Every structure is written in structure tokens, then in C-alpha cells.
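Okay, here's what each chain looks like letter by letter:
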2 protein chains.
Amino acid sequence: MHETGTTIIGIMRISEGVEWAAHCCLLLDWMGRGDPETAEPVSTARLAAGYGLPPAYLNKQLQPLVKAGILTSTAGKKGGFRLAKRLADITLMDVLTAIEGPDEAFQCAEIRQHGVWADEPASVFRAPCAIDTAMRTAELEWRRALAAQTLAAIQANAELQAPGLRTQVLDWYAHPRT
Amino acid sequence: MHETGTTIIGIMRISEGVEWAAHCCLLLDWMGRGDPETAEPVSTARLAAGYGLPPAYLNKQLQPLVKAGILTSTAGKKGGFRLAKRLADITLMDVLTAIEGPDEAFQCAEIRQHGVWADEPASVFRAPCAIDTAMRTAELEWRRALAAQTLAAIQANAELQAPGLRTQVLDWYAHPRT
DNA sequence: GGACCTCTACTCGGATAGGAGATGTCCGAGTCTGACTGG
DNA sequence: CCAGTCAGACTCGGACATCTCCTATCCGAGTAGAGGTCC
């Protein structure tokens, strides 16, 4: 019995920046009392402190959200990030697309066009690769489900499961720091 | 107008090995005439030649499929890979799980437990993170759609779109090589 | 002629390099605040 | 007292390292078959 020392295989992973971004949006909404218009900017330092994250890297992760129109950034002494929309108008799909990019996870390399099939007439390849089609279909379901989840709904669930949390967090931020 | 030279953001990508594996399964079924029992092994060299892929790397990519029970490998002079099941019993989900691993794409790091919420009672975290829940829901839809697609169905679609292809490919493999 | 043995050619399997992308850090451009100065 | 000016400190934004993981290659263990040899 020779236990094979096979290394575990790598997994495709979503960047942790997605999780950070989503949490920050929820926190920004709390700190802005639900109204992006009257909300004051929150600096990366304060956001990062709230989750124990490296401030500079969090700043880097939030930048794509600004470009995507989810957040608004303000420079200067009292600058920081604000929500650009209401939570009800932001979906998980928006956040993921902003950070991971618009491309699909499965990229068909059209390997069928090399090797054996290289001599086939071009008309054969007008129809899309059947594997690619199936993958796209599944991925479309995934994106549809992501687009159906707004951050507002997620926040509602969170507050439902931990009712007093919002107030406590705001208190923590209000008091300078122990 | 100072065109910002921002680098494009990275995208989460599914390993190309998934595409290779799926194509090889379809090809193996063709070469085995649809019956895994009577099928003769096909070496990586022949499979790789069919798609213009690096043989050694393709071999490495197919190994997880053997461990997952999708393929069977035979060593020796007339060795190679055979299908371990019928295409109707293999789903895209099986292939993807075999290569990418069983873990989910979104890994919740529970960042809510650091920073502000560190002092919260542990009972608060019994309920799963709302963001994680939403992500899991969406990913479940994706996996469900993948599991609904059998390789047999995909092969049927491919043959429907290019009726004569199967015979031509088998001919290409039958004749030594020009 | 037939059975056995050896030898070779060929296979997969895993260990080993190389490269791209994600992770993490740092410094500069810009700007808002606040105090200072002059009227 | 008030408006204008200026210095300062703090912000984001992007350029610069580090590190993990995917990509790619190579060599060894093992096997099936062919051929030779002996009975």
C-alpha cells in the first residue's frame, strides 16, 4: 500500500476583492444612513479597519468599482468613497463584473480547428462549438442568478439574521477607537 | 484628454484542461464506436495530434479524469485512455469537478469576523454570511445547469450541426497520416 | 511445432522548470481644511 | 472683523515588488507484444 503523494489540483477561484467590495458597499450604506446623496465619504483606512484588511490593497480593489460607476471617490483631506447608487440598484453581478472583468469564465479556444479538422471547410465552423454552447448556457444561468440578487436584498437578509448589529457597528465607528 | 493607461483587470478563468478533456471524451467515444466495453485504448499522442495539443501536457490534464472514474488508463505498448462510462452518464459538471476540483469558485473568507465585529458574540456568526449565501445560490444554479448537460447530448448537438464530420474524423485517424 | 524467456518499444504517472496573474506595498498628484495675514 | 492667501496633511490613483498557481516539459516505472531459443 504505497500512499500516492498526489498534489491536490488547483481550483478556479473568484478574487477575494469581490467579497471585500460587496462588504464595503453594505458598510458604506450603513454609514451613509441609506442615502447616497447626503452620505459623507469614508476613507479606505476606516473601511479597512472595519474588516481587518490591508488599507492600500483595499484601495486598489475598490478602484474598479469607481470605474464601474458603483462608487464615487473624493480626494482631499475629508475624502474617501461614497456609494454612487442605492443598494437596490446594485446587483452582485455588477460587483463581480467590475472586479473580475466582463469576460466569461470559460474561454473556448476552438481547439477543434487545429489538428484533424484543420482541413475541413470553413463552413463547418460557422456553427459554434457544442461544448462552448453548453458552457455558455450554464454560465448564463449563473450570471442571471447573480443579477437577480441586489445588495439591498442581501443587506435585508443580513439585518434579519443579526438585528442589532447595524447599531453596534455604527457605534464602533462613532467612538474614536479603544 | 489624457487617456488613462490603466491595465485591464484580471479575469477568473476556467482551466483550458476542461475544454481539452471534454473534447477528448467526445473523440474517444467516436473512436470506440460508442461502446466503452469494446473500445481499444487511444494514446495521448494520437488524441493530442487530433487537436494540435502538446501531448505531455494533455496527458497531465487527463490524469484527473482517471482518478474521477471518467476515463480508464492502460499502460504498455498498446495502452492509452478509454472511457470508463457511457457519454450519457458523464456530465459537464463531472468533467469540470474532476479538473478544477470540488471547491466552489467563491470562497468566503469571513472577513466580517475581523476588525469591527471581532468583539461580537460568537452566536452572531452562526448564521452564514449573507453575501456568501447569495453567491452560493448563484453558483448552485450554475452547477445545476452543468450537471444537466450530458456529454451525450452535447455530442448529439455537434453531430446535428456537422453531420458528416464523424466519418471524416475516423477516416483521418484510420489512414496513417499524409 | 510449441512453450518459455528475454528484450525492446511504447504507455502512463509524477517530479521538475517556466511564466502569467493575483496579492501586497509604496510613493506622487491633487485637493480640502484650517490657520495666518493683510486690509 | 473679514476676505484672500498659503502651508499642511490627508486622500485616491497608479507604478512597483512578491508570491501563488497555471502552463509546459521531461524522465522513470511498468507493461504488452514481438522475436528468438530451447525442448
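Owing to the predicted nature of the structure, the values given are computational and were not obtained by experimental measurement.

Visitor: Where do I start with the overall build of chain A in this structure?
Guide: When helices and strands are tallied, chain A shows 7 helices and 2 strands. From first element to last, N terminus to C terminus, chain A shows the α and β order α-α-α-β-β-α-α-α-α. Compactness check: chain A gives a C-alpha radius of gyration of 22 Å against a globular reference of 16 Å for 178 residues, more than 25% above the reference. The C-alpha extent of chain A, read off along each of the three principal axes, is 70 × 50 × 35 Å. Burial status across chain A gives 44% buried among its 178 residues. Restricting to contacts in chain A with at least 6 residues of sequence separation, those with at least 24 account for 70%. As displayed, chain A has an accessible area near 9,400 Å², and 53% of this comes from carbon and sulfur atoms. Taking the average location of the 17 positive side-chain charges in chain A and that of its 20 negative ones, the two points are 10 Å from each other.

Visitor: What am I meant to see in the protein's contact with DNA strand D here?
Guide: DNA strand D sits among 25 residues. The nearest are Thr44, Ser73 and Gly76 of chain A together with Ser15 and Glu16 of chain B. Here DNA strand D approaches the protein such that, of its atoms within 4 Å, sugar and phosphate make up 63%. One of the side-chain N or O atoms of Ser15 of chain B is found 2.9 Å from a phosphate oxygen in DNA strand D. Between DNA strand D and Glu16 of chain B there is a distance of 3.0 Å, counted from a phosphate oxygen to a side-chain nitrogen or oxygen. Going through the elements one at a time, helix H3 (55-67), strand S1 (71-74) and strand S2 (80-83) of chain A together with helix H3 (55-67) of chain B are the ones with two or more residues in the surface near DNA strand D.

Visitor: Please explain the environment of Lys85 of chain A as it appears in this structure.
Guide: All names here are of chain A. Mapped onto the elements, Lys85 comes out in the loop between S2 and helix H4 (92-100). Here Lys85 falls in the partly exposed class, since its relative accessible area comes to 29%. Placed 50 residues apart in sequence, Lys85 and Asp35 show a C-alpha to C-alpha distance of 8.9 Å. If sequence neighbours within four positions are ignored, Lys85 has contacts with Pro36, Gly69, Ile70 and Ile90.

Visitor: How do you make sense of the pattern of salt bridges when you look at a structure like this?
Guide: Side-chain pairing between opposite charges can occur once the charged atoms of the two side chains come close. Residues and elements named next belong to chain A. Counted by the stated rule, this structure contains 12 salt bridges over all chains. Taking the shortest distance from any N to any O, the salt bridge between Glu141 and Arg144 comes out at 3.5 Å. With Glu141 and Arg144 both in helix H5 (residues 130-148), this residue pair falls 3 residues apart, about one helical turn. The structure contains a network of salt bridges with shared partners spanning Glu104, Asp132 and Arg136.

Visitor: Before we go on, may I ask you to explain the environment of Val42 of chain B in this structure?
Guide: Residue and element names in this part refer to chain B. If you trace the backbone, Val42 turns up in the loop between helix H1 (16-31) and helix H2 (44-51). In this structure Val42 comes out as buried when scored by relative accessible area, which is 6%. With residues up to four places along the chain from it excluded, the contact list for Val42 reads Leu28, Met31, Leu47, Gly79, Gly80 and Phe81.

Visitor: For this particular structure, what's the right way to read the relation of the copies chain B and chain A?
Guide: Copy one and copy two of the chain differ by a rotation about an axis and a translation along that axis. Once chain B has been moved 0.0 Å along the axis and rotated by 180°, it coincides with chain A to within an RMSD of 0.0 Å. Such values leave the two copies arranged in the relation of a two-fold axis. Closest approach to the rotation axis within chain B is made by the C-alpha atom of Trp142 of chain B, at a distance of 2.3 Å. In this assembly, 100% of the residues forming the interface of chain B have copies in chain A that are likewise at the interface, indicating an isologous arrangement.

Visitor: Explanation requested: the packing of aromatic side chains in the structure shown.
Guide: By the definition in use, this model includes 9 aromatic pairs over all chains. Each member of the aromatic cluster is reached from another via a ring pair, and the members are Trp30 and Tyr51 of chain A together with Trp117 of chain B.

Visitor: Would you take a moment to explain the interface of chain B and chain A for this structure?
Guide: The figure often quoted for interface size is the accessible area lost as the parts come together. In this assembly, 67 residues from chain B lie in contact with 67 residues from chain A. Surface buried jointly by chain B and chain A totals about 5,800 Å² across both partners, of which 73% is contributed by carbon and sulfur atoms. Joining chain B to chain A, the criterion identifies 10 residue pairs in polar contact (both at pLDDT 80 or more). Residue assignment for the side of chain B that touches chain A shows that the elements contributing at least two residues are H1, H2, H3, helix H4 (92-100), helix H5 (130-148), helix H6 (151-161) and helix H7 (165-174) of chain B. For the side of chain B that touches chain A, the element with the highest residue contribution is H5 of chain B, accounting for 10 residues. Of the residues that constitute the side of chain B that touches chain A, the class distribution is 43 nonpolar, 13 polar and 11 charged.

Scoring rules and cut-offs
- Residues numbered from 1 in each chain as written.
- Chains lettered and ligands numbered in written order.
- Predicted model: local features only at pLDDT ≥ 70, side-chain atom pairs only at ≥ 80, totals over all residues.
- Heavy atoms only, no water.
- Helix = DSSP H or I, 4+ residues; strand = E, 2+ residues; numbered from the N terminus.
- Rg over C-alpha atoms; globule rule 2.2 N^0.38 Å.
- Buried < 20%, exposed > 50% of the residue type's maximum accessible area, 1.4 Å probe, protein only.
- Contact = heavy atoms within 4.5 Å.
- Areas by Shrake-Rupley, 256 points an atom, 1.4 Å probe, with all protein chains shown as cover.
- Lys, Arg positive; Asp, Glu negative; His and termini not counted.
- Charge placed at Lys NZ, Arg CZ, Asp CG, Glu CD.
- Near = heavy atom within 4 Å.
- Polar contact = N/O pair within 3.5 Å; in protein donor to acceptor, adjacent residues only side chain to side chain.
- Salt bridge = Lys/Arg side-chain N within 4 Å of Asp/Glu carboxyl O.
- Least-squares fit on C-alpha atoms with pLDDT ≥ 70 in both.
- Phe/Tyr/Trp six-rings, centres within 6.5 Å; stacked < 30°, edge-to-face > 60°.
- Buried area = accessible area lost by both parts, 1.4 Å probe.
- Nonpolar A, V, L, I, M, F, W, Y, C, P; charged D, E, K, R; others polar.

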